[in-house]
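Residue-level listing of the chains:
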Amino acid sequence: MRNIYALLFILMLPVCSCKNQSHKREYINTPKEFNRNILNSDLKSLAGTNGQLLYLPVYSNIPYQIDTGLFDMSAFVAIHNTDLNNSITLSQVMYFNQDGRLVDDFLKGSNVEISPLATKNFYIPYEDKSGTGANFLIEWVSDSIVNEPLIESVTLCLKPNNTLAISSKGKVIRQNK
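Residues numbered from 1 in each chain as written. Predicted model: local features only at pLDDT ≥ 70, side-chain atom pairs only at ≥ 80, totals over all residues. Heavy atoms only, no water.

## Structural notes on the overall build of the protein
Inference 1: A tally of helices and strands in the protein yields one helix and 12 strands.
Inference 2: Starting at the N terminus and walking to the C terminus, you meet the elements of the protein as α-β-β-β-β-β-β-β-β-β-β-β-β.
Inference 3: Going through the 177 residues of the protein one by one, you find that 29% of them count as buried.
Inference 4: Partitioning the contacts of the protein with sequence separation of at least 6, the portion at a separation of at least 24 is 76%. (Helix = DSSP H or I, 4+ residues; strand = E, 2+ residues; numbered from the N terminus. Buried < 20%, exposed > 50% of the residue type's maximum accessible area, 1.4 Å probe, protein only. Contact = heavy atoms within 4.5 Å.)

## Regarding the sheet that holds strand E11 (residues 164-169)
Sheets are built from strands paired through backbone hydrogen bonds, the pairs being either parallel or antiparallel.
Inference 1: Strands sit in the order E8-E4-E10-E11 across an open sheet of four strands; the sheet is antiparallel. The strands lining the two open edges of the sheet, one partner per strand, are strand E8 (119-124) and E11. Adjacent strand axes in the sheet meet at a mean angle of 15 degrees when their direction is disregarded. (Pairing = 2+ DSSP bridges. Axes fitted to C-alpha atoms, helices over the stretch in contact; angles between N-to-C directions.)

## Overview of a nonpolar patch on the surface
Inference 1: On the surface, Phe34, Ile38, Leu39, Leu84 and Leu117 cluster together into a nonpolar patch covering about 440 Å² of accessible area.
Inference 2: In this structure, Leu39 sits in the loop between helix H1 (2-17) and strand E1 (49-57). (Patch = residues over 30% accessible without salt bridge, like charges linked within 9 Å, V, L, I, M, F, W, Y side chains within 5 Å. Areas by Shrake-Rupley, 256 points an atom, 1.4 Å probe, with all protein chains shown as cover. Salt bridge = Lys/Arg side-chain N within 4 Å of Asp/Glu carboxyl O.)

## Description of the pattern of salt bridges
Inference 1: In total, this model carries one salt bridge according to the counting rule given.
Inference 2: Asp104 is the partner of Lys108 in a salt bridge, and the nearest nitrogen-oxygen pair spans 3.3 Å.
Inference 3: Its relative accessible area of 63% is what places Lys108 among the exposed residues.
Inference 4: Using a relative accessible area of 25% as the deciding quantity, one classes Asp104 as partly exposed.

## Considering the confidence of the model for the protein
Inference 1: Confidence in the prediction for the protein averages 83 pLDDT; 78% of positions are at 70 or higher.
Inference 2: Ranking the elements of the protein by mean pLDDT puts H1 last, at 58, and strand E7 (residues 112-114) first, at 98. (pLDDT = per-residue confidence, 0-100.)

## A word on the pairing of strand E10 (residues 150-157)
Inference 1: Sheet topology places strand E4 (residues 74-80) next to E10; seven bridges connect them, and they run antiparallel. Counterpart to Ser74 in the pairing with E10 is Leu156.
Inference 2: Taken together, E10 and the strand that follows it, E11, pair antiparallel across an intervening segment of six residues, in which Asn161 is found at a positive phi of about 65 degrees.

## Some remarks on the nonpolar core
Inference 1: If you look at the biggest cluster of nonpolar residues, it comprises 20 residues, and the most contacted ones within it are Val77, Ile79, Leu90, Val93, Phe136 and Ile138.
Inference 2: Elements represented by at least two residues in this core include exactly E1, E4, strand E5 (88-96), E8 and strand E9 (135-146).
Inference 3: Not counting chain neighbours up to four residues away, the residues in contact with Leu90 comprise Ile79, Leu107, Ser110, Asn111, Val112, Ile114, Lys120, Phe122, Ile138, Glu139 and Trp140. (Core = buried A, V, L, I, M, F, W, Y, C linked by side-chain atoms within 4.5 Å.)

## Structural notes on the pairing of E1
Inference 1: Of all nine residues in E1, seven are buried, a share of seventy percent or more.
Inference 2: Bridging between E1 and E9 involves eight bridges; their strand directions are antiparallel. Within E9, the residue paired with Gly51 across the bridge is Val141.
Inference 3: Bridging between E1 and strand E12 (residues 171-175) involves four bridges; their strand directions are antiparallel. Residue Leu54 lies in a different strand from E12, and its bridge partner there is Val172.

## A short note on the packing of aromatic side chains
Inference 1: Taken as a whole and judged by the stated rule, the model has four aromatic pairs.
Inference 2: Both rings, one in Tyr95 and one in Phe136, keep their centres 5.0 Å apart while their planes meet at 40 degrees; by these two values the pair is tilted. One end of the pair, Tyr95, is in strand E5; the other, Phe136, is in strand E9, and 41 residues separate them in sequence.
Inference 3: On the basis of relative accessible area, Tyr95 is assigned to the buried category, the value being 1%.
Inference 4: Of the aromatic side chains, those joined through ring pairs into one cluster are Tyr95, Phe106, Phe122 and Phe136.
Inference 5: Between Lys120 and the ring centre of Phe122, over which it is positioned, the NZ or CZ distance is 5.6 Å. (Phe/Tyr/Trp six-rings, centres within 6.5 Å; stacked < 30°, edge-to-face > 60°. Lys NZ or Arg CZ within 6 Å of the ring centre and 35° of its normal.)

Structural data, given as structure tokens:
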């Protein structure tokens, strides 16, 4: 049996050590110019808007046994500008606990611009204790009529034998007319 393993190893060594330069891969982090004209111009645009207020649930802690314990979780909020040509501006990103009390005002009175097809992320640390009803209020505006951004969260607990992940999408609660 030992001879079979040795023979397999010897036979596989040349295959594994071959370097094929013809399949050189460019890494995804290398930016390139994007030509919007390559997209199908016959497609009709969706009716857009120039601003919204969204509610986004996140789950800072999840009960795993009745009255005995909580999974502590971290959360990532991603605000994706889905418009190809126009920026959007975040005017409010506020985080509330399960009792509806403000925990953090991420923008602190300033605005943040998100370029076309770009994303802005916000993070809630694992140590946060805002509860199962924690949520964000996110307000964005634009000078132009734009496609609605995609606003979602991923809440995670990545511990051995206790892994849990929850994804949520924002719900529009007010919209500019």
